[in-house]
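Structural overview
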Amino acid sequence: GIDVGHLDCVILLGFPGSCASLWQQIGRAGRSGRPALAFMVCFGGALDQYWIQEPDALFDKDNIEKVVIYPYNRHVIQGHLLCAAKEHPLA
């Protein structure tokens, strides 16, 4: 990963596709405890235009999408089990 501890400003070029991604990206600035800025440059796409008209809704944390997965999907479980085994070995 990249050390972003001293990042003071984030500029997003268009809506990143989800509110969760937006919060994750703008949260990269200001991690050092200092004030930070985030800008989103909007383009002509439908999502950009919607959010430019509804900025209060964009920054409402209740709008963050819920994560929904099927926990019995073997492709999902396989990766999660490998990570869990590394983080908390049984032996």
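Refer to the preceding data block for the structure.
Remember, it's a predicted structure, so these values are computed and weren't measured experimentally.

Focus: the pairing of strand β2 (residues 37–41)
Bridge analysis of strand β1 (residues 9–13) against β2 gives five bridges, and the strand direction is parallel. If you follow Val10 over to β2, its bridge partner there is Ala38. Considered for its hand, the β-α-β crossover made up of β1, helix α1 (residues 19–26) and β2 is right-handed.

Description of the pattern of salt bridges
In the structure shown here, the tally under the stated rule is one salt bridge. Its salt-bridge partner being Asp8, residue Arg34 comes within 2.5 Å of it at the nearest N-O pair. Taken as a pair, Arg34 in the loop between α1 and β2 and Asp8 in the segment before β1 lie far apart in primary sequence, 26 residues in all. Taking the relative accessible area as the measure of exposure, Arg34 reaches 40% and is therefore partly exposed.

Examining a negative patch on the surface
There is a patch of like negative charges on the surface, built from Glu54, Asp56, Asp60 and Asp62. With respect to the helices and strands, Asp60 occurs in the loop between α3 (55–58) and α4 (74–87). Asp60 gets classed as partly exposed once you look at its relative accessible area, which sits at 33%.

Remarks on the packing of aromatic side chains
Taken as a whole, this structure holds three aromatic pairs when the rule is applied. Measuring from centroid to centroid gives 5.5 Å for Phe15 and Trp51, while their planes differ by 35°, and the two rings are tilted. Linking Phe15 in the loop between β1 and α1 with Trp51 in helix α2 (residues 46–53), this pair joins segments that are 36 residues apart in sequence. An aromatic cluster is defined as three or more aromatic residues linked by ring pairs; in this entry it consists of Phe15, Tyr50 and Trp51.

The rules behind the values
Residues numbered from 1 in each chain as written. Predicted model: local features only at pLDDT ≥ 70, side-chain atom pairs only at ≥ 80, totals over all residues. Heavy atoms only, no water. Pairing = 2+ DSSP bridges. Helix = DSSP H or I, 4+ residues; strand = E, 2+ residues; numbered from the N terminus. Right-handed = clockwise from strand over helix to strand, strands pointing away. Salt bridge = Lys/Arg side-chain N within 4 Å of Asp/Glu carboxyl O. Buried < 20%, exposed > 50% of the residue type's maximum accessible area, 1.4 Å probe, protein only. Patch = residues over 30% accessible without salt bridge, like charges linked within 9 Å, V, L, I, M, F, W, Y side chains within 5 Å. Areas by Shrake-Rupley, 256 points an atom, 1.4 Å probe, with all protein chains shown as cover. Lys, Arg positive; Asp, Glu negative; His and termini not counted. Charge placed at Lys NZ, Arg CZ, Asp CG, Glu CD. Phe/Tyr/Trp six-rings, centres within 6.5 Å; stacked < 30°, edge-to-face > 60°.

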